[in-house]
Amino acid sequence: MLEVITAILLLAGGLFCLIASVGMLRLPDTIIRMHAATKAGALGAGLIFLALACYYLELSTTLRSLATVFFLLLTAPVAAHLIGRAAYCSRVNLWRKTWIDEFANICDWCETSTEEKGPCQCETEKK
Amino acid sequence: MTAMESMLLKGVTEAVLIFLTLAILFAFIRLVIGPDPADRIVALDLISVLIVAYLGALSIYTGERAFLDVAIAYALIAFLGTVALARFRERLAKKSRNDETHGEG
């Protein structure tokens, strides 16, 4: 019975990893691709490590694999945040059907965190 | 019954290893053709997560517990690498934008 649960978790994890990778190849835009890579990829790897925890079922090995799942779930959003910020700051081309861009009218929001700048000039420049 | 179940687990593990190999191949195609450096960083991040998953599946396939420690260490190092690459890309974008504004003014 435990092996059946292990096989189901393992198969689900492998399929989620494959779906993440197909999305990585086929989605239209850097930020949309990041959506596929970080969420589905972390879910697939986490399911495979849950299968590992069910397969061995010893205290040390199960705890280590659960710690790996915890670490993956902790680091995936941080890495995604940093990559998304870098991608948006470097002005990657957004998808042509993107119709909400909250930072489009705020000038230089990337620079404000690191260096002190004068008042924003881009509103007057646009007019 | 137990022999059948372990045969099922062996077949599923082989199928999952093939799936993960295909997934790493697809992510590698995006790593090669990605138009922006940010695309390549995302592809490298996905490849490292897939390699961690591959190590987990390989640990079930071979019955070797040491692959779990390898997976933990690899996940740590891959996270540091992703953070370093993202910071590098952001600093490059800021630098080029500062050059642009100084050139215009």
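Above this note sits the structure.
Reading the values: the criteria
Residues numbered from 1 in each chain as written. Chains lettered and ligands numbered in written order. Predicted model: local features only at pLDDT ≥ 70, side-chain atom pairs only at ≥ 80, totals over all residues. Heavy atoms only, no water. Helix = DSSP H or I, 4+ residues; strand = E, 2+ residues; numbered from the N terminus. Contact = heavy atoms within 4.5 Å. Buried area = accessible area lost by both parts, 1.4 Å probe. Salt bridge = Lys/Arg side-chain N within 4 Å of Asp/Glu carboxyl O. Polar contact = N/O pair within 3.5 Å; in protein donor to acceptor, adjacent residues only side chain to side chain. Nonpolar A, V, L, I, M, F, W, Y, C, P; charged D, E, K, R; others polar. Phe/Tyr/Trp six-rings, centres within 6.5 Å; stacked < 30°, edge-to-face > 60°. Buried < 20%, exposed > 50% of the residue type's maximum accessible area, 1.4 Å probe, protein only. Expected span 1.5 Å × (residues − 1).

What follows concerns the environment of Ile83 of chain A. Looking at the element boundaries, Ile83 of chain A is found in helix H3 (residues 59-89). Residues Ile83 of chain A and Leu2 of chain A, spaced 81 residues apart in sequence, show a C-alpha to C-alpha distance of 39 Å. Ile83 of chain A has contacts with Met34 of chain A together with Ala38, Ile41, Val42, Asp45, Thr82 and Ala86 of chain B, leaving out every residue within four places of it along the chain.

With that settled, consider the interface of chain B and chain A. Chain B puts 54 residues into the contact, and the matching count from chain A is 55 residues. Taking both partners together, chain B and chain A bury about 4800 Å²; carbon and sulfur atoms supply 72% of that area. If you look at where chain B meets chain A, you find four salt bridges. The salt bridge partner of Arg33 of chain A is Asp39 of chain B, with a shortest N-O separation of 2.8 Å. On inspection of chain B and its partner chain A, the count reaches eleven residue pairs in polar contact (both at pLDDT 80 or more). Secondary structure elements with two or more residues in the side of chain B that touches chain A: helix H1 (2-33), helix H2 (37-62) and helix H3 (66-104) of chain B. The element that contributes the greatest number of residues to the side of chain B that touches chain A is H3 of chain B, accounting for 18 residues. When the residues that make up the side of chain B that touches chain A are grouped by side-chain class, the tally is 32 nonpolar, eight polar and 14 charged.

Another point: the packing of aromatic side chains. Residue and element names in this part refer to chain A. For the coordinates displayed, the defined rule picks out one aromatic pair over all chains. An angle of 70 degrees between the planes, with centres 5.2 Å apart, marks the rings of Tyr55 and Tyr56 as edge-to-face. By relative accessible area, Tyr56 is classed as buried at 10%.

The subject of this paragraph is helix H1 (residues 2-26) of chain A. With 25 residues, H1 of chain A extends 36 Å between its outermost C-alpha atoms, agreeing within 8% with the 36 Å of an ideal straight helix rising 1.5 Å per residue. Here H1 of chain A has its buried residues at Thr6, Ala7, Leu9, Leu10, Gly13, Gly14, Cys17, Leu18, Ala20, Ser21, Gly23 and Met24 of chain A. Summarising the contacts, the buried residues of H1 of chain A are in contact with helix H2 (30-56) of chain A together with H1 and H2 of chain B.

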